[in-house]
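# Examining the three-dimensional arrangement
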Amino acid sequence: MSTPFPCWRLDDAAPLETLAAQGFVKLSPARLAAATGVDAAALAALARHWEGLPPDPHLRDGGRYRRRRHASLLMDETGQRILRRVERPHWQPTDYNALHGGFERWFAPFTEALLAEPALPALLAGLGRLCAGMAGRAPRFVEAHAFRIDTTDGIGRPTPEGAHRDGVDFVAVLLLARHGVRGGETRVFEAEGPAGLRFTMAEPGTTLLLDDARVVHETTPLQPEAGHGHRDTLVITWRFEGFLDPPDGPRPGQGAASDILHER
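How each quantity is defined
- Residues numbered from 1 in each chain as written.
- Predicted model: local features only at pLDDT ≥ 70, side-chain atom pairs only at ≥ 80, totals over all residues.
- Heavy atoms only, no water.
- Phe/Tyr/Trp six-rings, centres within 6.5 Å; stacked < 30°, edge-to-face > 60°.
- Helix = DSSP H or I, 4+ residues; strand = E, 2+ residues; numbered from the N terminus.
- Buried < 20%, exposed > 50% of the residue type's maximum accessible area, 1.4 Å probe, protein only.
- Axes fitted to C-alpha atoms, helices over the stretch in contact; angles between N-to-C directions.
- Parallel < 35°, antiparallel > 145°, perpendicular 65-115°, else oblique.
- Contact = heavy atoms within 4.5 Å.
- Nonpolar A, V, L, I, M, F, W, Y, C, P; charged D, E, K, R; others polar.
- Salt bridge = Lys/Arg side-chain N within 4 Å of Asp/Glu carboxyl O.
- Left-handed = near helix turned anticlockwise from the far one by under 90°.
- Pairing = 2+ DSSP bridges.

Another point: the packing of aromatic side chains. Going through the model one piece at a time under the given rule, you end up with three aromatic pairs. Ring centres of Trp-8 and Phe-24 lie 5.1 Å apart, and the angle between their planes is 85 degrees; on these two criteria the pair is classed as edge-to-face. Placement of Trp-8 in the segment before helix H1 (15-22) and of Phe-24 in strand E1 (residues 24-27) is noted, with a sequence separation of 16 residues between them. Residue classification places Trp-8 among the buried positions, given a relative accessible area of 14%. With a centroid separation of 6.4 Å and an interplanar angle of 75 degrees, the aromatic rings of Phe-170 and Phe-240 are classed as edge-to-face. Of this pair, Phe-170 sits in strand E5 (residues 170-179) while Phe-240 sits in the segment after strand E12 (230-239), and the two are 70 residues apart along the sequence. Each of the two residues, Phe-170 as well as Phe-240, counts as buried.

The following block contains the structure:
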């Protein structure tokens with residue numbers, strides 16, 4: 001017997017129920033503000049830090065279209081407060097990222113000014129509450145990625161690895177800006193099935209929250225409308241059982257925790 005195509009929804013009237021029912025929920029800017037307390041002005045202040053992001057040094061397709069920063073953050077037991085930043089590389093197994101998996105990638109860290117923006121801990125706490133409501137406990141191991149995908153070479157690829165899972169428990173993709181580009185369609189598929197859905201995130205603050213075990217996702221390439229364009233996102237991932245590290249663990253001297261940063 002074939003599995004019936006799920007009646008997936010893009011409304012956010014009941015975010016937690018929708019996330020539980022279908023494995024993802026698309027939040028409007030208004031719903032994000034209600035969940036996190038982060039309004040358009042706070043998002044605009046956060047988005048200023050995407051100017052001048054350094055190039056991604058690890059692109060294996062030879063492109064120059066991605067700029068990024070990265071942070072690993074340990075939350076308290078409630079998931080509402082950042083305890084410390086952890087100095088470690090980003091790592092994924094090839095099972096999840098065939099293009100860039102299997103090796104440690106060190107990216108430029110989040111600056112202290114970016115970490116000090118009130119919107120950042122508010123987003124971690126508010127979206128973390130939705131994750132905790134789904135799972136019945138708070139995920140404490142968080143990675144945050146600041147991405148700018150531009151059309152320097154005529155085309156930009158937000159997900160050069162294609163449709164994928166991240167190897168975490170929950171993923172949030174938050175749009176901060178979109179200027180002078182076409183494309184960039186978001187696609188979500190069942191991890192174990194044929195169903196899929198597509199839409200375009202156009203308004204800053206639009207957020208996709210995913211249960212990483214249940215769905216895979218990708219964003220289609222960007223093309224310039226006229227001249228140079230870009231798309232800025234904040235991607236946040238949560239795990240319950242430690243950071244995603246190589247099977248033999250981080251190399252000696254890595255994973256040291258810095259001082260307490262922020263409270264909320």
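Interaxial distance between helix H2 (residues 29-36) and helix H5 (residues 119-135) falls to 8 Å at its minimum, and their mutual angle equals 95 degrees. In terms of their interaxial angle, H2 and H5 are classed as roughly perpendicular. The residues of H5 that touch H2, namely those facing Leu-32, Ala-35 and Thr-36, are Ala-122, Leu-123, Gly-126, Leu-127 and Arg-129. Grouping the amino acids of the contact of H2 with H5 by side-chain chemistry returns five nonpolar, two polar and one charged.

Once that is clear, we can look at the pattern of salt bridges. Summed over all chains, the structure comprises 15 salt bridges. Here Arg-48 makes a salt bridge to Glu-117, at a shortest N to O gap of 3.0 Å. Of this pair, Arg-48 sits in the loop between helix H3 (40-47) and strand E2 (66-75) while Glu-117 sits in the loop between helix H4 (112-115) and H5; the two residues are 69 residues apart in sequence, bridging distant segments of the chain. We classify Arg-48 as exposed; its relative accessible area is 55%. In this structure Glu-117 comes out as buried when scored by relative accessible area, which is 10%. With its nearest N and O atoms 2.7 Å apart, the salt bridge here joins Asp-232 to Arg-148. Placement of Asp-232 in strand E12 and of Arg-148 in strand E4 (residues 141-150) is noted, with a sequence separation of 84 residues between them. Each member of the pair, Asp-232 together with Arg-148, is buried.

The geometry of H1 relative to H5 is characterised by a closest axis approach of 10 Å and an angle of 55 degrees between their N-to-C directions. The orientation of H1 relative to H5 falls into the category oblique. At the point where H1 passes H5, the crossing takes the right-handed sense. Together, Pro-15, Leu-16, Leu-19 and Ala-20 of H1 and Leu-130, Gly-133 and Met-134 of H5 make up the contact between the two elements.

Let us look at the sheet that holds E4. The seven strands lie next to each other as E1-E9-E5-E12-E4-E2-E3, forming an open sheet whose pairing is antiparallel. Pairing within the sheet leaves two strands with one partner each, and these edge strands are E1 and strand E3 (82-86). The sheet shows a mean angle of 20 degrees between the axes of neighbouring strands, taken without regard to direction. For E2 and E4, the ladder comprises nine bridges, and the chain directions are antiparallel. Bridging across to E4, Arg-67 finds its partner in Arg-148. Docked against the sheet, H1 engages E1, E5 and strand E9 (207-211), running at close to 145 degrees with respect to E1.

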